[in-house]
Amino acid sequence: MSELKAAADIKVGDRLLGWAASEDMRSRGASGGLVTAVLAAALETGLVDRVLILKKVSEFEAYPVFTSDVQEVLESAGSMHSVPVNLARCLKPETCAGKIALPAKPCDARAVVERAKRNALSPEGTYVIGLNCGGTMHPEKVRKMLETVYRLGPEEIAGEEIVKGKLVFFTKDGKEHAVPIDDLEAEELGRRDSCRCCQVKIPTNADLACGNWGVPGDLAGRGTFVEVMTEKGVNLLKNAVNSGFVELMQADERGISAREKVNKVMLGMSEKRKAEVFVPIEDGGERFEYFRKELENCIHCGACKEVCPVCTCGEDSKCTFYSSPADSYKISLFHLVRFLHLSDSCIGCGQCEDVCPAEIPLTRLYQRFAVPVQKEYRYLPGISDRTPPFFALKPEDNEEKEGGGCSCR
Amino acid sequence: MEPEKNEIYEAWEPKIVMFCCNWCSYAGADGAGIGRFQQPASMRIIRVMCSSRVDPVHVFSAFLEGADAVLITGCHLGDCHYINGNEKTLVKFSFMRSMLKELGLEEERLQLNWISASEGEKFAEVVRKVTEQVRQLGPSVLKPEGVA
């Protein structure tokens with residue numbers, strides 16, 4: 001094993017392996033507790049004022065809270081695949097004064113970037129610790145899976161983890177129950193639909209990109225692979241090493257290529273699923289009929305807009321303010337405005353679909369508008385700091401279409 | 001007696017909401033009248049101070065309330081009374097158009113044209129052309145039933 005990395009040597013672009021220095025944190029967090037330790041260190045040393053975490057109620061329930069209590073950060077540790085919350089939505093001008101750090105899935109990190117472009121938060125004061133994500137699961141579906149496939153009760157569960165394409169549940173009696181995710185997905189269980197179509201698995205737009213892909217066998221489960229993406233990321237890690245919370249070492253070539261390979265496989269699966277879901281519909285009346293049918297059960301509760309992480313309009317938004325039931329004879333103004341609004345900004349995180357009480361597949365609908373537009377402008381939202389194409393002052397501003405971070409399309 | 005559905009369709013004439021910029025196409029409409037250029041009575045003109053004042057909400061509301069098409073007109077590029085308003089219109093327009101196309105509306109139902117204050121003849125010609133295109137397409141799918 002090579003020697004530990006000194007804090008002064010950390011720079012942007014480094015690929016490292018790390019773990020929490022204290023035994024307690026290692027046992028709490030998954031994969032060596034690196035992320036928990038970095039967050040705790042940032043809070044302890046005053047690098048950030050508050051940390052945004054998920055406060056755990058059970059394996060299936062958690063809610064986002066801002067905290068400056070290190071103990072609470074330690075308690076929040078865990079992968080929580082069955083709590084698909086988008087933390088970025090909590091970052092509003094009125095709530096995120098001061099410096100903040102948060103752990104973020106790729107979709108959270110993308111939402112943070114998009115919210116920063118819309119002045120909902122200051123990018124300098126927000127430290128984003130990205131986590132690799134192969135997908136999350138809807139809590140309701142997890143319960144159904146437990147009942148029908150695993151034959152377990154929800155109260156028996158002590159934890160879960162996704163290991164090598166298998167979803168593993170740990171029960172309180174210390175046993176492991178593993179089922180391949182492909183088998184679950186064949187029965188429309190398993191990951192959420194938006195996750196199965198997701199096209200960013202490694203959050204290279206965050207300050208740090210952490211995850212267990214690329215961790216060598218002898219460290220499996222005890223170490224985290226971390227790529228340093230920005231200067232803010234360097235600060236986070238330096239701070240954590242200097243305060244003795246984290247130990248780091250250089251990652252080897254094999255680990256780096258293994259990580260790339262996992263990423264490639266995951267993205268390939270997403271492409272396949274996307275081709276299955278987004279079947280082209282003929283131009284014209286038929287396509288309109290499809291949208292009308294899907295939206296016919298909408299009760300106009302507005303929950304999809306309320307939870308949308310890229311929408312920063314607040315209370316007085318065009319979509320709700322001018323929409324009237326009297327004009328919503330075939331389709332409502334609310335949806336038309338949302339379709340346009342999201343055509344350049346939808347990150348496909350699936351929050352809208354999760355909260356919809358009428359079970360409308362909203363993410364699919366929004367993505368139908370977003371994909372062609374984002375392709376045309378070569379703009380993938382939430383990846384770079386390029387101005388969204390809709391905000392361009394001149395058509396030419398969109399013509400220099402390179403550099404939107406759209407290489408993965 | 002209720003008219004048959006066919007009768008409504010036969011009596012159907014396109015209704016087009018037209019947004020005219022105060023500084024050019026609105027005066028162009030005057031010019032078309034003064035010059036006695038013939039044009040169909042299909043337009044419902046709304047005057048705006050600049051074509052960039054037209055918000056997507058205005059366009060969608062027009063469609064939802066029964067317009068068969070929406071025509072936005074403004075000054076030629078470079079002639080904007082407010083420096084570059086019409087360039088912003090162009091960006092917005094391209095977004096609205098691809099969104100409506102994806103929704104299943106024909107491309108001709110949302111149009112953008114630059115007409116200056118002195119182009120009365122062009123104004124009448126554009127009105128004739130757009131009306132004819134929309135007449136070929138028939139009523140919009142977004143039109144509420146029972147609205148002529």
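Structure's up top.
Structural notes, computed from the coordinates. Just so we're clear, the structure is a prediction, and the values are computed from it rather than from any experiment.

Across its full length, chain B holds 5 helices and 4 strands. Starting at the N terminus and walking to the C terminus, you meet the elements of chain B as α-β-α-β-α-β-α-β-α. The globule rule puts the C-alpha radius of gyration for 148 residues at 15 Å, and the 16 Å found for chain B is close to it. Across its three principal directions, the C-alpha atoms of chain B cover 55 × 35 × 20 Å. Summarising the internal contacts of chain B: among those between residues at least 6 apart in sequence, 81% fall at separations of at least 24.

Quick look at the sheet that holds strand β6 (residues 157–163) of chain A now. Residues and elements named next belong to chain A. Pairing is antiparallel in the open sheet, where 3 strands are placed in the order β6-β7-β8. Each end of this open sheet is capped by a strand with a single partner; those strands are β6 and β8 (176–180). Strand after strand, the sheet turns through a mean of 20° between neighbouring axes, direction not considered. Where strand β7 (residues 166–171) meets β8, 5 bridges bridge the pair, whose relative direction is antiparallel. Directly across from K166, in β8, lies its bridge partner P180.

Our focus in this paragraph is helix α13 (residues 333–343) of chain A. Counting buried positions along α13 of chain A gives 11 out of 11 residues, so the element sits mostly inside the fold. Among all positions in α13 of chain A, only L333, F334, H335, L336, V337, R338, F339, L340, H341, L342 and S343 of chain A are buried. For α13 of chain A, the secondary structure elements touched by its buried residues are α11 (303–307), α12 (318–321) and α15 (362–376) of chain A together with α3 (56–64) and α4 (85–103) of chain B.

Along the chain, G74 of chain B falls in strand β3 (residues 69–74). If sequence neighbours within four positions are ignored, G74 of chain B has contacts with C21, C24, S25, S51, N86, T89 and W114 of chain B.

Moving on, we get to the interface of chain B and chain A. Contacts between the two partners involve 22 residues from chain B, matched on the other side by 26 residues from chain A. Elements with a contribution of two residues or more to the side of chain B that touches chain A: α3 and α4 of chain B. The biggest single contributor to the side of chain B that touches chain A is α4 of chain B, with 10 residues. Here the side of chain B that touches chain A is built from residues that sort into 13 nonpolar, 4 polar and 5 charged.

Before going further, it helps to examine the nonpolar core. A37, V38, L39, I129, L208 and V246 of chain A together with V70 of chain B are the most contacted members of the largest nonpolar core, which totals 136 residues. For this core, the element with the most residues is helix α2 (residues 34–44) of chain A, which contributes 9 residues. Once residues within four sequence positions are removed from consideration, V246 of chain A is found in contact with G18, A20, A21, L34, A37, V38, A41, A240 and V241 of chain A.

Right, let's get into the environment of E227 of chain A. All names here are of chain A. Its location among the elements puts E227 in strand β10 (residues 224–228). Linking E227 and T204, residues 23 residues apart in sequence, is a C-alpha distance of 8.2 Å. Every residue in contact with E227, bar those within four places of it in the chain, is listed here: R15 and A209.

Another aspect to go through is the packing of α13 of chain A against α15 of chain A. All names here are of chain A. Between α13 and α15, the least distance of the axes is 8 Å, while the angle of their chain directions is 35°. In this structure, the crossing between α13 and α15 has a hand that is right-handed. Judged by residue contacts, F339, L342 and S343 of α13 engage Y366, F369, A370 and V373 from α15.

Residue and element names in this part refer to chain A. For strand β1 (residues 15–20), the tally of buried residues reaches 5 of 6 residues, placing the bulk of the element in the interior. Direction of pairing for β1 relative to β10: antiparallel, over a ladder of 4 bridges. In the strand pairing of β10, R15 is matched with E227. Pairing analysis gives 5 bridges linking β1 to strand β11 (residues 246–250), with the strands arranged antiparallel. For W19, the partnering residue across the bridge sits in β11 and is E247.

Conventions we followed
- Residues numbered from 1 in each chain as written.
- Chains lettered and ligands numbered in written order.
- Predicted model: local features only at pLDDT ≥ 70, side-chain atom pairs only at ≥ 80, totals over all residues.
- Helix = DSSP H or I, 4+ residues; strand = E, 2+ residues; numbered from the N terminus.
- Rg over C-alpha atoms; globule rule 2.2 N^0.38 Å.
- Contact = placed C-beta atoms within 7 Å.
- Pairing = 2+ DSSP bridges.
- Axes fitted to C-alpha atoms, helices over the stretch in contact; angles between N-to-C directions.
- Buried ≥ 20, exposed ≤ 12 C-beta atoms within 10 Å, placed from the backbone.
- Nonpolar A, V, L, I, M, F, W, Y, C, P; charged D, E, K, R; others polar.
- Core = buried A, V, L, I, M, F, W, Y, C linked by C-beta atoms within 7 Å.
- Left-handed = near helix turned anticlockwise from the far one by under 90°.

Everything listed here is a matter of coordinates, which is why it stays silent on function.
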